[in-house]
Amino acid sequence: MGPAVELWKETEMGKAKTKYEKLMLKITLWEDKRTKNAKRKLHRTEVPLPFFKLSRFPKLDSCIITRLINAMNVQRGVEKTKLKAMQRYTEDNERIESIVASARTHAYESQMKEELKVKEKANFMRITGRSPSTCL
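The model shown is predicted, which means the values in this text are computed figures rather than measured ones. (Residues numbered from 1 in each chain as written. Predicted model: local features only at pLDDT ≥ 70, side-chain atom pairs only at ≥ 80, totals over all residues. Heavy atoms only, no water.)

## A closer look at the overall build of the protein chain
Stage number 1. Within the protein chain, the secondary structure is distributed over two helices and zero strands.
Stage number 2. With 136 residues in all, the protein chain has 18% of them scored as buried.
Stage number 3. About 10700 Å² of surface is accessible on the protein chain, with carbon and sulfur atoms providing 60% of the total. (Helix = DSSP H or I, 4+ residues; strand = E, 2+ residues; numbered from the N terminus. Buried < 20%, exposed > 50% of the residue type's maximum accessible area, 1.4 Å probe, protein only. Areas by Shrake-Rupley, 256 points an atom, 1.4 Å probe, with all protein chains shown as cover.)

Right, dumping it as structure tokens:
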């Protein structure tokens, strides 16, 4: 029964390994998708508006000056929006990283538990010469 047990153990360990490799791949794909979405949102808000400096136009009438001042105020608003977008991007990345880290640790722990169960069953099969009974 020794070689049969070793063969069974290797096939079960291989199954567990491929199962958790697929899970890690899913986690990585999820992470990539979320980070790309966050980056896309960041770049969507970073569309620059034209900015005028008054020093470039020394002799202008008051109407044009008020328009330029309004454009500068709009630019300040855009800068605030960019700052908020950057903060949101960093928060999203931190959240994504924490979720991915916990998912990877959970998957690793589950894989270790499953491998341990397989090893225990293989040892039981070596000792008794039969497979362990399972409860339904």
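## Here we look at helix α1 (residues 2-45)
Stage number 1. With 44 residues, α1 extends 65 Å between its outermost C-alpha atoms, agreeing within 8% with the 64 Å of an ideal straight helix rising 1.5 Å per residue.
Stage number 2. Considered for burial, the residues of α1 that qualify are Val5, Lys9, Met13, Ala16, Tyr20, Ile27, Glu31, Ala38 and Leu42. (Expected span 1.5 Å × (residues − 1).)

## A few points about the environment of arginine 34
Stage number 1. Here arginine 34 shows up in helix α1.
Stage number 2. On a C-alpha basis, the gap between arginine 34 and isoleucine 96 in space is 7.3 Å, while along the polypeptide they are 62 residues apart.

## A short note on a positive patch on the surface
Stage number 1. On the surface, a cluster of positive charge is contributed by Lys33, Arg34, Lys36, Arg40, Lys41, Arg44 and Arg95.
Stage number 2. A per-element tally of the positive patch places α1 first, with six residues.
Stage number 3. Mapped onto the elements, lysine 33 comes out in helix α1. (Patch = residues over 30% accessible without salt bridge, like charges linked within 9 Å, V, L, I, M, F, W, Y side chains within 5 Å. Salt bridge = Lys/Arg side-chain N within 4 Å of Asp/Glu carboxyl O. Lys, Arg positive; Asp, Glu negative; His and termini not counted. Charge placed at Lys NZ, Arg CZ, Asp CG, Glu CD.)

## Concerning the side chain of glutamate 31
Stage number 1. With respect to the helices, strands and loops of the structure, glutamate 31 is situated in helix α1.
Stage number 2. Overall, the relative accessible area of 11% leaves glutamate 31 in the buried class.
Stage number 3. A polar side-chain atom of glutamate 31 sits 3.3 Å from a polar atom in the side chain of arginine 104.
Stage number 4. Beyond its immediate stretch of four places on either side in the chain, glutamate 31 contacts Ile96, Glu97, Val100 and Arg104. (Polar contact = N/O pair within 3.5 Å; in protein donor to acceptor, adjacent residues only side chain to side chain. Contact = heavy atoms within 4.5 Å.)

## Focus on the side chain of lysine 9
Stage number 1. Structurally, the position occupied by lysine 9 is in helix α1.
Stage number 2. In this structure lysine 9 is buried but unpaired, with glutamate 6 as the nearest side chain of opposite charge at 4.8 Å.
Stage number 3. Here lysine 9 is in contact with Val118, Lys119, Ala122 and Arg126, once residues within four sequence places are set aside.

## Things to note about the environment of methionine 86
Stage number 1. Within the fold, methionine 86 resides in helix α2 (residues 62-128).
Stage number 2. Among the residues examined, methionine 86 registers a relative accessible area of 37% and is labelled partly exposed.
Stage number 3. For the pair methionine 86 and leucine 42, spaced 44 residues apart in sequence, the C-alpha separation works out to 6.6 Å.

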